[in-house]
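So the chains spell out like this:
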Amino acid sequence: MVKRYGDVTAVDGLDLEVPHGICLGLLGPNGAGKSTTMRLLTAQSRADKGEITVLGHSLPGASKRARAAMGVVPQQDNLDEELTARQNLEVFAHLYRVPKDDRAAAVGRALAVAQLVDRADTKTGNLSGGMRRRLLIARGLVHRPRLVLLDEPTVGLDPQVRQELWSLVAALRSEGVTTLMSTHYIEEAERLADECALMSHGKVVARGTPADLIAEHAGTHVDEHYGPPERLSEVEELAKNAGLPTRRTGPSVSVLAAERQPESLRQELGPANVRRAASLEDVFVVLTGESVE
Ligand code: ADP
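Remember, it's a predicted structure, so these values are computed and weren't measured experimentally. (Residues numbered from 1 in each chain as written. Predicted model: local features only at pLDDT ≥ 70, side-chain atom pairs only at ≥ 80, totals over all residues. Heavy atoms only, no water.)

Caption draft 1: Main features of the sheet that holds strand β14 (residues 274-277). Read from one edge of the open sheet, four strands run β12-β13-β11-β14, paired in antiparallel fashion. Bordering the open sheet on either side are β12 (246-249) and β14, each of which pairs with just one other strand. For this sheet, the mean angle separating the axes of adjacent strands, direction not counted, is 25°. As paired strands, strand β11 (residues 221-226) and β14 are joined by four bridges and run antiparallel to one another. Note that in β14 the partner of E224 across the bridge is V274. Sitting on the sheet, helix α11 (residues 280-288) is in contact with β11, β12 and β14, with an inclination near 100° to β12. (Pairing = 2+ DSSP bridges. Helix = DSSP H or I, 4+ residues; strand = E, 2+ residues; numbered from the N terminus. Axes fitted to C-alpha atoms, helices over the stretch in contact; angles between N-to-C directions. Contact = heavy atoms within 4.5 Å.)

Shown next as structure tokens:
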């Protein structure tokens, strides 16, 4: 797909297939094109080029059917504050065309998913941030979709709330619901995603399980060298000449795939100050040039 906004190409030849039953993490720095991709998938925006099929429905022609078959959890909380938790779910059960006779059970199930059975009749405006987020996710599940789109599900939330939401997303995965989740939190992708597609400048630049991505792009170990700026530049230069990726982290230079260092380089570099296991964050920084949370 290609999607342009004036001079900006937000999505630039993105090619992405999401297999049934997995949680795919769409990971990328701000501006990579994740939200635009989500908007294209929900037919809120139209691609300038390309084809999109959602659960067998082609967009934009069959977008109504596609939208009815999937659950969408937006980044922005757009719950109706004047309505109670239960009423918010009822509205969506109706919109998602849950048959009338099944609606009460569907709403009850969604309240249980959101752990809001006790607060069902509280106005949404009076719920805490974490409760609202759980409700927002449960709202997208009220019709038991086979595919769920989660757009930055924990952006701006504190760590405790984030952990709660992770359990909720992990439960979806164990039920075999296909999940496409955009995020710029590495830890979120690492914990929840079966596979990650790393996006940069509107394209997927790498794809695989977190473990495979790490093995391919960052090796098993990373050596962190500390020292004055001249020393750091020297380490960078030596590693680069040996074909090993590096990244700067404040006062240090990290040499990735340190286990692949030839003996001669090891001698020249001297012992590292810290040797640690390679992480998905290393992959992210090496491939997108950006640091992340
Ligand atoms: P992400 O979700 O990964 O942060 P976005 O999809 O929001 O990335 O943005 C991708 C690029 O497209 C950015 O450069 C952004 O400024 C631009 N963009 C997104 N939406 C619009 C819009 N409605 N109008 C103009 N530019 C946009």
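Caption draft 2: Expanded view of helix α9 (residues 229-241). With 13 residues, α9 extends 18 Å between its outermost C-alpha atoms, agreeing within 8% with the 18 Å of an ideal straight helix rising 1.5 Å per residue. Taken as a whole, α9 has its buried residues at L232, V235, L238 and A239. Buried residues along α9 cover an arc of 130° about the axis, so they all sit on one side. Away from its buried face, by an angle of more than 90 degrees, α9 presents the exposed residues P229, E230, K240 and N241. At its buried positions, α9 is contacted by β11, β12, β13 (252-255) and α10 (263-269). (Expected span 1.5 Å × (residues − 1). Buried < 20%, exposed > 50% of the residue type's maximum accessible area, 1.4 Å probe, protein only. Arc of directions from axis to C-beta.)

Caption draft 3: View of α11. Burial in α11 covers these residues: L280, D282, V283, F284, V285 and T288. Among the residues trailing α11, G289 stands out with phi positive, at a value near 70°.

Caption draft 4: Examining the sheet that holds strand β8 (residues 178-183) more closely. If you trace the six strands from one edge of the open sheet to the other, you get β6-β7-β8-β3-β9-β10, paired in mixed fashion. Two strands in the sheet have a free side with no partner beyond their single neighbour: β6 (70-73) and β10 (203-208). Here the strands of the sheet are splayed against their neighbours by 15° on average, with no regard to which way each runs. Packed on one face of the sheet, helix α8 (residues 210-218) meets β9 (195-200) and β10 and runs near 105° to β10. Relative to β9, α11 is tilted by about 30°, and along the sheet it contacts β3 (23-27), β9 and β10.

Caption draft 5: Representation of the pairing of β8. Summarising burial for β8: six of the six residues are buried, a large majority. Residues T178, L180 and S182 point to one face of β8 and T179, M181 and T183 to the other, with burial holding for every one of them. Judged from the five bridges that link them, β3 and β8 form a sheet pairing that is parallel. By the bridge assignment, L24 is partnered in β8 with L180. Inspection of the sheet shows strand β7 (residues 147-151) paired to β8 by five bridges, in the parallel sense. Each bridged residue has a counterpart across the sheet, and for D151 the counterpart in β8 is S182.

Caption draft 6: A look at unusual backbone geometry. Along the chain, L59 connects to P60 via a cis peptide bond; the corresponding omega equals 0°. Note that P60 resides in the loop between β5 (57-59) and α2 (63-69). Look at Q115: it is not a glycine, yet its phi comes out positive at around 50°. The class of Q115 is exposed, set by a relative accessible area of 58%. The phi angle at E152 is positive, at roughly 45°, despite the residue not being glycine. Considering the arrangement of structural elements, one finds E152 in the loop between β7 and α6 (159-174). The class of E152 is buried, set by a relative accessible area of 4%.

Caption draft 7: Main features of the site of the ligand. Every residue lining the ligand is accounted for by Y5, V8, A10, P29, N30, G31, A32, G33, K34, S35, T36 and R39. Note that an oxygen atom of the ligand is positioned 3.1 Å from one of the backbone N or O atoms of A32. Taking T36, its side chain carries an N or O atom lying 2.6 Å from an oxygen atom of the ligand. Residue assignment for the shell around the ligand shows that the elements contributing at least two residues are β2 (8-12) and α1 (34-41). (Near = heavy atom within 4 Å. Polar contact = N/O pair within 3.5 Å; in protein donor to acceptor, adjacent residues only side chain to side chain.)

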